[in-house]
Amino acid sequence: MAANAPVPVLLVDDLSANLLALEGLLQRDDLVLLKAQSGEEALELLLQNDVALALLDVQMPGMDGFELAEIMRGSERTRHVPIIFVTAGSSDSQRQFRGYEAGAVDFIAKPIEPHVLRSKANVFIDLYCQRRQIAAQRDELAVSAAALREADRAKDQFLAVLAHELRNPVAALMSGLDLLNRQRAPEQAEMIRGQMERMLFHLARLVEDLLDVSRISEGKVSLKTGRFALKDVLLSAVEGSRHNIDAAGHGLTMEMPEAPVWLEADYTRLAQVVANLLNNAAKYTPAGGEIRLFASADEAGVEIRVSDNGVGIPADMQARIFEIFTQVENHRAHAQGGLGIGLALVRRLVLLHGGSISVASEGQGKGSTFTVRLPIIHGQVEEIGPVPPVPKG
Ligand code: ADP
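Residues numbered from 1 in each chain as written. Predicted model: local features only at pLDDT ≥ 70, side-chain atom pairs only at ≥ 80, totals over all residues. Heavy atoms only, no water.

Caption draft 1: Geometry of the site of the ligand. By nearness alone, 21 residues border the ligand, and Asn280, Tyr284, Gln327, His331 and Leu343 come closest of all. Here an oxygen atom of the ligand sits 3.2 Å away from a polar atom, N or O, in the main chain of Gly340. Within the backbone of Gly342, a nitrogen or oxygen atom sits 3.1 Å from an oxygen atom of the ligand. Calculation on the ligand without its partners gives an accessible area of 530 Å², and the protein chains cover 98% of this total. Taking a 2 Å distance to the grid points as the criterion, the majority of the atoms of the ligand fall inside the largest pocket. (Near = heavy atom within 4 Å. Polar contact = N/O pair within 3.5 Å; in protein donor to acceptor, adjacent residues only side chain to side chain. Areas by Shrake-Rupley, 256 points an atom, 1.4 Å probe, with all protein chains shown as cover. 1 Å grid on protein atoms, 1.4 Å probe; cavity = no way out; pocket = protein on both sides within 12 Å on 5 of 7 lines; lining within 4 Å. Sits in = over half its atoms within 2 Å of the grid points.)

What follows is the structure in structure tokens.
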């Protein structure tokens, strides 16, 4: 229950006039006063409500206040509900004794002194609120503990994958070096050097991505923004991922707005975002697939969509896919040494640009579409920044 929801208080008296009087004395916006005219009615209300306090009339026809209190003490649900008995006139000590035995915490004599009633009731209402707040904090802590456990598990898994991914290129570099030392034929040596270069590039890329993630997490990345044409950024991204798309024999279709669209952006970073999405589309699509890069702009901004007809993403993973170290369980065969950090980087870079990113997929084998939304510059732009080269992916 929400920690600031109204507090339920139970009022039990067989006479409606007395109930109305009690209600009038206790009325407050933060209370819900539940009224019952018999023990049975009260028990029914107690089944549905977790009350902070029960004010019970002692003398009632049928089940009297003491009997009701005994039943309440006998049930797990209502055992700890504080009970204040409302007694007619001065109650003799014998009756009070029975009342305490039945589970009363206090007595109030009629005619009721309003400030006495209110201050006694307030003690229990405050206690109830504190208990409820503690319960809400306990629930919040349980949720954070579960999230921490999950993050810890993901980190462990990441370290295992990282160790594995680092071992492969390192082993290849070592055996390459060994071969080079023994190989004298220039063409062979050239081929080995080429392989070693690719491995080294892969390693350097992994380390660069890892550094990027921690730099962004610590808020150390600032964008070097300038004014650029969307088309140039997209073409650079395609250039950066062309090798991977061609190597897998995929087709690439592009569609861009006719009119020029201007962005206030970090050219390299934004091209990195789109190239990353294109590289993923190439990786997670079986050879000979179809990749589409589609951009459209309106008053609200630009929408860049990268879609493929590849392995798709299960619905339950779509919300988590942008979290760091997250990989779809049975996609590892396609990951090509990926560590589950690319999309986390992409999202952070898009957010730094004041944009947003989302994914849609109808599921396994149905392809995926990633959509990036970014703000654009409205009106004519005269000066554009120098276009930096984009690293190949
Ligand atoms: P990775 O290095 O594993 O590719 P990313 O952060 O780039 O890391 O992507 C996280 C995960 O999202 C991938 O492991 C993969 O399971 C899934 N994924 C990303 N892009 C696609 C896509 N186009 N189609 C299907 N799954 C994808």
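Further notes follow.
Caption draft 2: Quick look at the environment of His115. Mapping His115 onto the fold places it in helix H5 (residues 114–182). Residue class for His115 comes out exposed when judged on its relative accessible area of 54%. The spatial distance from the C-alpha of His115 to the C-alpha of Leu26 is 9.8 Å, given a sequence separation of 89 residues. (Helix = DSSP H or I, 4+ residues; strand = E, 2+ residues; numbered from the N terminus. Buried < 20%, exposed > 50% of the residue type's maximum accessible area, 1.4 Å probe, protein only.)

Caption draft 3: Inspection of the environment of Met254 at higher detail. With respect to the helices, strands and loops of the structure, Met254 is situated in strand E7 (residues 251–255). Looking at Met254, the relative accessible area reads 30%, which means it is partly exposed. In this structure the C-alpha to C-alpha distance between Met254 and Asp232, which are 22 residues apart in sequence, comes to 13 Å. Apart from the residues lying within four places of it in its own chain, the contact partners of Met254 are Leu235, Val238 and Leu293. (Contact = heavy atoms within 4.5 Å.)

Caption draft 4: Just the nonpolar core, in detail. Grouped together as the largest cluster of nonpolar side chains are 53 residues, with contacts concentrated most on Leu230, Leu277, Leu278, Leu293, Val302, Ile304 and Val372. With 10 residues, helix H8 (residues 267–283) is the single largest residue contributor to this core. Ignoring any residue separated from it by four or fewer positions in sequence, one finds Leu277 in contact with Val306, Leu343, Val346, Ile357, Phe370 and Val372. Ranked by size, the runner-up nonpolar core spans 23 residues in total, among them Ala54, Ala69, Val81 and Ile83. (Core = buried A, V, L, I, M, F, W, Y, C linked by side-chain atoms within 4.5 Å.)

Caption draft 5: Looking closely at the packing of helix H2 (residues 39–48) against helix H3 (residues 65–74). Where H2 meets H3, the closest approach of the two axes is 10 Å, and the angle between their N-to-C directions is 25°. What the angle tells us is that H2 and H3 run roughly parallel. In the packing of H2 onto H3, the handedness of the crossing is right-handed. When H2 is examined against H3, the residues Gly39, Ala42, Leu43 and Leu46 are found in contact with a partner set consisting of Leu68, Ile71 and Met72. Of the residues that constitute the contact of H2 with H3, the class distribution is 6 nonpolar, 1 polar and no charged. (Axes fitted to C-alpha atoms, helices over the stretch in contact; angles between N-to-C directions. Parallel < 35°, antiparallel > 145°, perpendicular 65-115°, else oblique. Left-handed = near helix turned anticlockwise from the far one by under 90°. Nonpolar A, V, L, I, M, F, W, Y, C, P; charged D, E, K, R; others polar.)

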